[in-house]
Every structure is written in C-alpha cells, then in structure tokens.
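# Coordinate analysis (summary)
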Amino acid sequence: MAWFGRYIHIARPLEWLLTCPLMMLEVVVVAGPLVQSKRRVEIVGITVSILIIGFFATVAQRTETRGCLFACGAIGFCALATKMDQVVYEHTGTETRLFTTKTDKDGNSPALKKVLIKVLATWVVFPIWWFLSPDGFSIVEDHDVHQGVFLLLNIISKSVFCYCIFALDGVP
C-alpha cells in the first residue's frame, strides 16, 4: 500500500503491535513472583514504543527523520534489554544478570536467561534489516526480497520464542 508517499505493508506493524508486547508480557509472567509487577507495564510499554517509533520511521519522508527515529528506536531497544536484565536479576533472587556469565547458586544458567538471550539475538536482526531495506535507507531496494526477509525473520524469531517457552516446562 502506498501511504505517506512510501510503500507500506501495514499488516506487519499491526501484527507486531499485537504479538510482541504479548510475548514480552508472557516472559515477565513466566518469570514468577520475585519479579516486580511493574516490570509488566515497563516491558510492554517499551516494546510498544519501539514498534510505534519504527512505524513512524518507516513512513517518514526525510532521511534525516528516519535516521533520528531509528536512533530513538535503538535507544528503546537498549532500554528493553535493560528491563530484561532486571527481570532476570529479580527472577533469580539477585543471583545473576542477563549480560553476565555468572550462574545461579546451583551453578546453572537460568532457563529464563536463555530465553531472553535468544529473544534479543533474534529481535536485534529486525532493525538491522529495516536499516538495509526500502523501509529504512534502501541499501536493498527489492520490495519482494524485503517482504520475504521480514517474513522469515518473523517466523524464525517467534518459533524460537515458542520453543524456548515450551522448553521452560521441560518439553525437549
């Protein structure tokens, strides 16, 4: 769809606005009672904010505006990673953090920590691809390739997330 003078696949950001905050909420809920309840609002709010900033970066006419909004989204992603770190820290009773190799008192790396590392690893690819794509700075200009890569990234990241959440309950 041509919108704001640019080709926009409107279903993608709408789907992300529905699924990504729910995924983050699920992580905080699964983390258990040691995690402060305010983390639910914080992590969902930051996720929604990043997605909205990304949408406005996509529809922005000027390259400078897209760049500024991309930087704001990157800062938001760092804030989200920080909140994920706090979730791990609280979940483990202050025994370990997301970005350390330190294990819990039993010598294990908590399963939730592994989930969040995989979430970050799969989600960080989205802004990199956006930057390269026609939505961003058109280093790759083919719209079909653009849509196909976003589709694959979405399938991979959500499949990895679902597998990791199931694995928390002992599913192989």
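The structure reproduced in this document is the subject of the present report. Just so it is clear, the model here is predicted, and its values are computed rather than measured.

### A short note on the state of the cysteines
Counted by the stated rule, this structure contains 0 disulfides. Free cysteine: C72, not disulfide-bonded; nearest cysteine sulfur from C68 at 4.5 Å.

### Remarks on the nonpolar core
Grouped together as the largest cluster of nonpolar side chains are 34 residues, with contacts concentrated most on M24, L80, M84, V87, L116 and W123. Sorting the residues of this core by element identifies α1 (11-31), α2 (38-59), α3 (63-91), α4 (111-123), α5 (125-132) and α6 (143-168) as the ones contributing at least two each. Ignoring sequence-local partners within four residues, the contact set of V87 consists of V28, A31, V35, R39, I43, L112 and L116.

### A short note on unusual backbone geometry
Phi is positive for T94, close to 70°, though the residue is something other than glycine. Tracing the chain through its elements places T94 in the loop between α3 and α4. Despite not being glycine, S138 shows a phi value in the positive range, around 55°. Examined against the element boundaries, S138 turns out to sit in the loop between α5 and α6. What makes S138 partly exposed here is its relative accessible area of 29%.

### Quick look at α5
Among all positions of α5, only F126, W129 and W130 are buried. Along α5, the residues classed as buried sweep out an arc of 105° about the axis, all on the same side. Among the structural elements, α1, α2, α3, α4 and α6 are those in contact with the buried residues of α5.

### Comments concerning the environment of V88
Structurally, V88 can be placed in helix α3. The exposure class of V88 is buried, given its relative accessible area of 1%. Along the backbone, V88 and A31 are 57 residues apart, and their C-alpha atoms lie at a distance of 7.7 Å.

Conventions used here
Residues numbered from 1 in each chain as written. Predicted model: local features only at pLDDT ≥ 70, side-chain atom pairs only at ≥ 80, totals over all residues. Heavy atoms only, no water. Disulfide = S-S within 2.5 Å. Core = buried A, V, L, I, M, F, W, Y, C linked by side-chain atoms within 4.5 Å. Buried < 20%, exposed > 50% of the residue type's maximum accessible area, 1.4 Å probe, protein only. Helix = DSSP H or I, 4+ residues; strand = E, 2+ residues; numbered from the N terminus. Contact = heavy atoms within 4.5 Å. Arc of directions from axis to C-beta.

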